[in-house]
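Breakdown of the fold
Now for the letters of each chain:
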Amino acid sequence: MTQTDLTQTELAAAPLHIIDLIRKKRDGGALDARETGFLASGAADGSIPLEQLSAWLMAAWLNGLSLDETRALTIAMRDSGVKFSPARLGKVAVDKHSTGGVGDKTSFLIAPLAAACGVAVPMISGRALGHTGGTLDKLESIPGLRTALTLEEFEAVLVKCGASIVSQTPALVPADRVLYALRDRTGTVESPGLICASILSKKLAAGLDALVLDVKTGSGAFLRKPEDSEYLAALMVATAEAAGTRTVALLTDMGQPLGHAAGNWIEIVESVELLRGQRPAESEDLRELSLILAGWMIHLGGQAATPEAGYARAEAAIADGSAMRAFFAMIEAQGGDLKVFDDPKGFHKPGATQVVAAWESGYISEMDTTALGWAVQRLGAGREKAGEPVDPHAGIEFHARRGAHIEKGQPFATLYATNASMLAEPIAFLKKAITFSQTPPPAVPLVSRIFTRKAAEEYLRNANR
Ligand code: URA
């Protein structure tokens, strides 16, 4: 007897076999909720062998996932382990997720900004591999600070401070741990449906009421083609909304590092400068994007009638010091030593420092931001393999931004490495990454598009995928 000889009821009760799900995906079919549930729980508990999961992932990468299938997989992965419930916080729980970029440190601004404006920010972060820096590594450059909190400790910090940034626990979304690691090894990362399910399953397991997505475009973005970033943004908004979480996505520029610092401790220093109300010109893009993202979080969190009113509230929280206090409260509650903030630059002790002067005169017209990210990683700030240590003091400070005119010999960047032998390769990366021109390059908008639920659904209806 074949599956087609069975009645609908018999079919619903029939045991599932992974080989059938692989064949179905290979032949262009879409898994339903029961089948994605079987796949996610089999990945989480190890009952499906890795070679069969790999085969299914490759079939999914080649044939794509339908919208319904993406939603079913997201929910099945979300439900594959324990979940966090923010209900006891007594506040609307809102988080932000960024698809990652170089110098992207908005989390250190938006978490305290939103918390200071009455929103709870339960932020569970993954550890980065690749050219984009990791939020947790940056935060852990603060002496004593712990990110590996239990869910009970996480809740206690949230109750006390309104925001907490922690690492994913092994029990949270175990299906993604297995599937993401396999995708990394089988060349199946870059699939919109799989990326959407991976990112959202982790965010939705934190029980969020609302979510703001920062989807990067440009030379440092995870997906290089703008149309792929657009599609992913719309897909994530529609999927999260269908799963019951109010969501908005902003497409934002990653055609140059965000702010002037890219590394670990130096990114914390830049964030704290802004929270303290300073306005260095080279950090203006970071300040603006953080206020826009926080504005949306405050709006979706019910604390402002519009995102613009949320922006104004966030700006006021910098001016009155409440965001700075919220950040320091969170750091202290997670074991961090606040004394280092008395003299943040004095605490910065890199093994080797090198100022790189501009090697041409002209306008900085383009930056290969991914190459700059690799330069930061090679200085010791990032890791090549999971589990490797990172240097809290390594990184790059840029003294000129895209569009600026620079004379040959003027300082362009300062590199901080673990030791002097690690400087040569990043300097070579840097020199290849920058294009000079004799006329100013066109301005690039910081936020190029916003997807609310309606806009995302309309985009997906017309998307030719
Ligand atoms: N980040 C994730 O968490 N998952 C992906 O698939 C890609 C980026």
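Residues numbered from 1 in each chain as written. Predicted model: local features only at pLDDT ≥ 70, side-chain atom pairs only at ≥ 80, totals over all residues. Heavy atoms only, no water.

1. Notes on the overall build of the protein chain
Defined as follows: We count a stretch as a helix when DSSP gives it H or I for four or more residues in a row; a strand needs E for two or more, and each element gets its number in order from the N terminus. Burial classification: accessible surface area is computed with a 1.4 Å probe over protein chains only, and a residue below 20% of its type maximum counts as buried, one above 50% as exposed, and the rest as partly exposed. Any pair of residues with heavy atoms lying within 4.5 Å of one another is described as a contacting pair. In this charge count, Lys and Arg are treated as positive and Asp and Glu as negative; neither His nor the chain ends contribute. One atom stands in for each charge, and that atom is NZ of Lys, CZ of Arg, CG of Asp or CD of Glu.
Scanning the protein chain from N- to C-terminus turns up 19 helices and 13 strands. Over its C-alpha atoms, taken along the principal directions, the protein chain stretches across nearly 80 × 45 × 40 Å. Looking at the protein chain as a whole, 56% of its 465 residues are labelled buried. Considering only contacts in the protein chain between residues 6 or more positions apart, those separated by 24 or more positions represent 79%. Both charge centroids of the protein chain, one from 46 positive and one from 53 negative side chains, sit 1 Å from each other.

2. Description of the site of the ligand
For the record, the criterion: If even one non-hydrogen atom of a residue comes within 4 Å of a molecule or strand, that residue is called near it. Polar contacts, as used here, are pairs of N or O atoms within 3.5 Å; protein pairs need one atom able to donate a hydrogen and one able to accept it. Residues neighboring in sequence count only if both atoms are side-chain atoms. In short, Shrake-Rupley with a 1.4 Å probe defines the accessible areas, and a residue's cover is counted only from the protein chains shown.
With respect to spatial proximity, the complete set of residues near the ligand consists of Tyr-180, Arg-183, Ile-195, Ser-198, Ile-199, Lys-202 and Phe-222. The contact in question runs from an oxygen atom of the ligand to an N or O atom on the side chain of Arg-183, over 2.8 Å. About the coverage of the ligand: the protein hides 88% of its 240 Å² of free accessible area. Among the elements of the structure, helix H9 (174-186) and helix H10 (192-204) are those that each provide at least two residues to the shell around the ligand.

3. A few points about helix H5 (residues 67-78)
Condition: The span expected for a helix works out to 1.5 Å for each residue beyond the first.
With 12 residues, H5 extends 17 Å between its outermost C-alpha atoms, agreeing within 8% with the 16 Å of an ideal straight helix rising 1.5 Å per residue. If you check which residues of H5 are buried, you get Glu-69, Thr-70, Ala-72, Leu-73, Thr-74, Ala-76, Met-77 and Arg-78.

4. As for the sheet that holds strand S7 (residues 352-357)
To keep it simple, the criterion reads: Two strands make a pair as long as DSSP finds a minimum of two bridges between them. Angles shown run from 0 to 180 degrees and are taken between the N-to-C directions of axes, each axis being a line fitted to C-alpha atoms and, for helices, limited to the stretch in contact.
Taking strand neighbours across the sheet as the criterion, the 4 strands line up as S6-S9-S11-S7 in an open arrangement whose pairing is antiparallel. For this open sheet the edge positions go to strand S6 (261-263) and S7, each flanked by a neighbour on one side alone. Shown here is a sheet whose adjacent strand axes are inclined to one another by a mean of 15 degrees, direction ignored. Pairing of S7 with strand S11 (residues 411-417) involves 6 bridges; the strand directions are antiparallel. Paired with Gln-354 across the strands is Leu-415, a residue of S11. With respect to the sheet, helix H12 (residues 265-275) is in contact with S6, strand S9 (395-398) and S11, its orientation differing from that of S6 by roughly 145 degrees.

5. Quick word on the pairing of strand S4 (residues 210-217)
Counted only if it meets this: With the strands pointing away from the viewer, any crossover whose connection runs clockwise from the first strand over the helix to the second is right-handed.
Within S4, 8 of the 8 residues are buried, which leaves the element mostly enclosed by the surrounding structure. What you see with S4 is no split at all: Ala-210, Val-212, Asp-214 and Lys-216 on one side and Leu-211, Leu-213, Val-215 and Thr-217 on the other are buried throughout. By the bridge criterion, 5 bridges tie strand S1 (residues 94-98) to S4 in an arrangement that is parallel. Bridge assignment links Lys-96 to a residue of S4, and that residue is Val-212. Alignment of S4 against strand S5 (residues 246-253), held across 8 bridges, turns out to be parallel. In the sheet register, Leu-213 faces S5, and the bridge partner there is Ala-249. Once the chain exits S4 it traverses helix H11 (residues 226-242) before rejoining the sheet at S5, and the crossover so formed is right-handed.

6. Here's the deal with the sheet that holds strand S13 (residues 447-451)
The sheet built from 4 strands is open, its strands ordered S1-S4-S5-S13 with mixed pairing. The open sheet has two edge strands with one neighbour each: S1 and S13. Along the sheet, successive strands turn relative to each other by an average axial angle of 15 degrees, direction set aside. Sheet contacts for helix H13 (residues 284-300): S1, S4, S5 and S13; angle to S4, the most-contacted strand, approximately 155 degrees.

7. Here we look at the pattern of salt bridges
Short version of the rule: Salt bridge, as applied in this entry: a Lys or Arg side-chain nitrogen positioned within 4 Å of an Asp or Glu carboxyl oxygen.
Taken as a whole and judged by the stated rule, the model has 26 salt bridges. Across the salt bridge formed by Arg-449 and Glu-230, the nearest N and O atoms sit 3.6 Å from each other. One end of the pair, Arg-449, is in strand S13; the other, Glu-230, is in helix H11, with 219 residues separating them in the sequence. Since its relative accessible area comes to 33%, Arg-449 is described here as partly exposed. With a closest N to O distance of 2.9 Å, Asp-253 and Arg-402 form a salt bridge. Here Asp-253, found in strand S5, pairs with Arg-402, found in the loop between S9 and strand S10 (405-406); they are 149 residues apart in sequence, far enough to count as distant. Connected through shared salt-bridge partners, Arg-78, Asp-79 and Lys-83 make up one network.

8. Brief notes about the environment of Arg-287
Of note, Arg-287 is situated in helix H13. By relative accessible area, Arg-287 is classed as buried at 9%. Here the alpha-carbon distance between Arg-287 and Leu-179, two residues 108 residues apart in the chain, equals 35 Å. Once you skip the residues sitting within four places of it in the chain, Arg-287 turns out to touch Leu-274, Arg-279 and Glu-315.

9. Some remarks on the packing of H13 against helix H14 (residues 307-319)
Using the following cut-off: Here a crossing is taken to be left-handed if its near helix is turned anticlockwise relative to the far helix by less than a right angle, and right-handed if that turn runs clockwise. Each residue is assigned to one of three groups, with Ala, Val, Leu, Ile, Met, Phe, Trp, Tyr, Cys and Pro labelled nonpolar, Asp, Glu, Lys and Arg labelled charged, and all others, Gly among them, labelled polar.
Interhelical geometry of H13 versus H14 gives an angle of 120 degrees and a closest axis separation of 7 Å. Of the two possible hands of crossing, H13 and H14 adopt the one that is right-handed. Touching Arg-287, Glu-288, Leu-291, Ile-292, Ala-294, Gly-295, Trp-296, Ile-298 and His-299 of H13 are Pro-307, Gly-310, Tyr-311, Ala-314, Glu-315 and Ile-318, all from H14. Per-class residue counts for the contact of H13 with H14 are 9 nonpolar, 3 polar and 3 charged.

10. Quick notes on the environment of Pro-426
Within the element layout of this structure, Pro-426 appears in helix H18 (residues 424-433). The exposure class of Pro-426 is buried, given its relative accessible area of 1%. Distance in space between the C-alpha atoms of Pro-426 and Glu-69 is 42 Å, their sequence separation being 357 residues.

11. Examining the environment of Ser-271
Along the chain, the position of Ser-271 falls in helix H12. Taking relative accessible area as the criterion, Ser-271 reaches 0% and is therefore assigned buried. In sequence terms Ser-271 and Ser-107 are 164 residues apart; their C-alpha atoms lie 9.2 Å from each other. Side-chain polar atoms of Ser-271 contact the backbone oxygen of Glu-267, separated by 2.8 Å.

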